[in-house]
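Coordinate analysis (summary)
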Amino acid sequence: MTATVDLSARTANAVALLKESPETLNGFLGLSEIFESTTLDPHSRETVILTVAARNQCHLCVDMHEAKMAALGPAPAPERLAAVRLFTLQVLASSGAVTDEELAAFESHGYTRRNALEVVLGIGTYTVSTFANRLTRAA
């Protein structure tokens, strides 16, 4: 229970710090809502978020989204999550210019071109969050 209270307090603090720029806060919240409505399944969305958060060293986001992932229960296909994690890292490393082979490997796990674009949306959304959290020292 203490961990949940601590995480809630940390999250509330991060939101309070982001209110310094209502545009940034509202932009993130809007993008987050849109990302949650994508065709990526919940486990895959959380994997994208966790990959971005870990890469950008946002400890708050890692803690928050590890808890969300745990609440989802076991992943139905762990190899799919490994594929979305790898693809997310490849998109980040290449600034979106993944190779045809990397895209095909992602698609071979049942993902689509639409899902690939949704990964880009998730990266953008959580880059805003992680960078802002680090800038404000909320992370």
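Residues numbered from 1 in each chain as written. Predicted model: local features only at pLDDT ≥ 70, side-chain atom pairs only at ≥ 80, totals over all residues. Heavy atoms only, no water.

Bringing helix H3 (residues 42–55) into the picture now. Side chains that are three or four residues apart share a direction in an α-helix, a result of its 3.6 residues per turn. Compared with an ideal rise of 1.5 Å per residue, which puts 14 residues at 20 Å, H3 spans 20 Å between its outermost C-alpha atoms and is within 8% of the ideal. Most of H3 sits inside the fold, with 11 of its 14 residues counted as buried. Where H3 is concerned, the buried positions are His43, Ser44, Arg45, Glu46, Thr47, Val48, Ile49, Leu50, Thr51, Val52 and Ala53. The N-cap of H3, judged by a side-chain oxygen 3.1 Å from the amide nitrogen of His43 a few residues on, is Asp41. Within two residues after H3, Gln57 carries a phi angle of roughly 55 degrees, on the positive side. (Helix = DSSP H or I, 4+ residues; strand = E, 2+ residues; numbered from the N terminus. Expected span 1.5 Å × (residues − 1). Buried < 20%, exposed > 50% of the residue type's maximum accessible area, 1.4 Å probe, protein only. Polar contact = N/O pair within 3.5 Å; in protein donor to acceptor, adjacent residues only side chain to side chain.)

Turning to the environment of His59, a few remarks are in order. Here His59 is to be found in helix H4 (residues 59–72). Spatially, the C-alpha atoms of His59 and Val119 are 21 Å apart, while their sequence positions differ by 60 residues. Setting aside anything within four residues of it in sequence, one finds His59 in contact with Arg10 and Ala139. (Contact = heavy atoms within 4.5 Å.)

Okay, the packing of aromatic side chains next. What describes a pair of aromatic rings is the distance from one ring centre to the other and the angle between the planes of the rings. A full pass over the atoms with the stated rule returns four aromatic pairs. Their ring planes at 85 degrees and their centres at 5.4 Å tell us that Phe28 and Tyr126 sit as a pair that is edge-to-face. With a gap of 98 residues between them, Phe28 in helix H2 (residues 22–36) and Tyr126 in helix H7 (residues 113–135) connect regions that are remote in the sequence. Each member of the pair Phe28 and Tyr126 is classed as buried. Ring geometry for Phe35 and Tyr126: centres 6.3 Å apart, planes at 65 degrees, overall edge-to-face. Pair noted here: Phe35 is in helix H2 and Tyr126 is in helix H7, with a separation of 91 residues, a long-range link. (Phe/Tyr/Trp six-rings, centres within 6.5 Å; stacked < 30°, edge-to-face > 60°.)

We now examine unusual backbone geometry. Excluding glycine, residues mostly carry a negative phi; peptide bonds, for their part, are mostly trans. A positive phi is found at Gln57, a non-glycine position, where the angle reads about 55 degrees. Within the element layout of this structure, Gln57 appears in the loop between H3 and H4. Judged by relative accessible area, Gln57 falls into the partly exposed class, the value being 45%. Here Ser95, not a glycine, exhibits a phi torsion of approximately 50 degrees, which is positive. Position of Ser95 among the secondary structure elements: in the loop between helix H5 (78–94) and helix H6 (100–107). Taking relative accessible area as the criterion, Ser95 reaches 71% and is therefore assigned exposed.

Moving on, we come to the side chain of Asn56. Note on placement: Asn56 falls in the loop between H3 and H4. With a relative accessible area of 7%, Asn56 lands in the buried category. Here Arg55 takes part through its side chain, which lies 3.2 Å from a polar atom of the side chain of Asn56. The residues touching Asn56, leaving out its near neighbours within four places in the chain, are Thr127, Thr130, Phe131 and Arg134.

On to the nonpolar core, then. Judged by nonpolar contacts, the single largest core of 30 residues is most densely connected at Val84, Phe87, Phe106, Tyr111 and Val119. Among the secondary structure elements, those contributing two or more residues to this core are helix H1 (2–18), H2, H3, H4, H5, H6 and H7. With six residues, H5 is the largest single contributor of residues to this core. The contact partners of Val84, leaving out residues within four places of it in the chain, are Ser44, Thr47, Val48, Phe106, Tyr111 and Val119. (Core = buried A, V, L, I, M, F, W, Y, C linked by side-chain atoms within 4.5 Å.)

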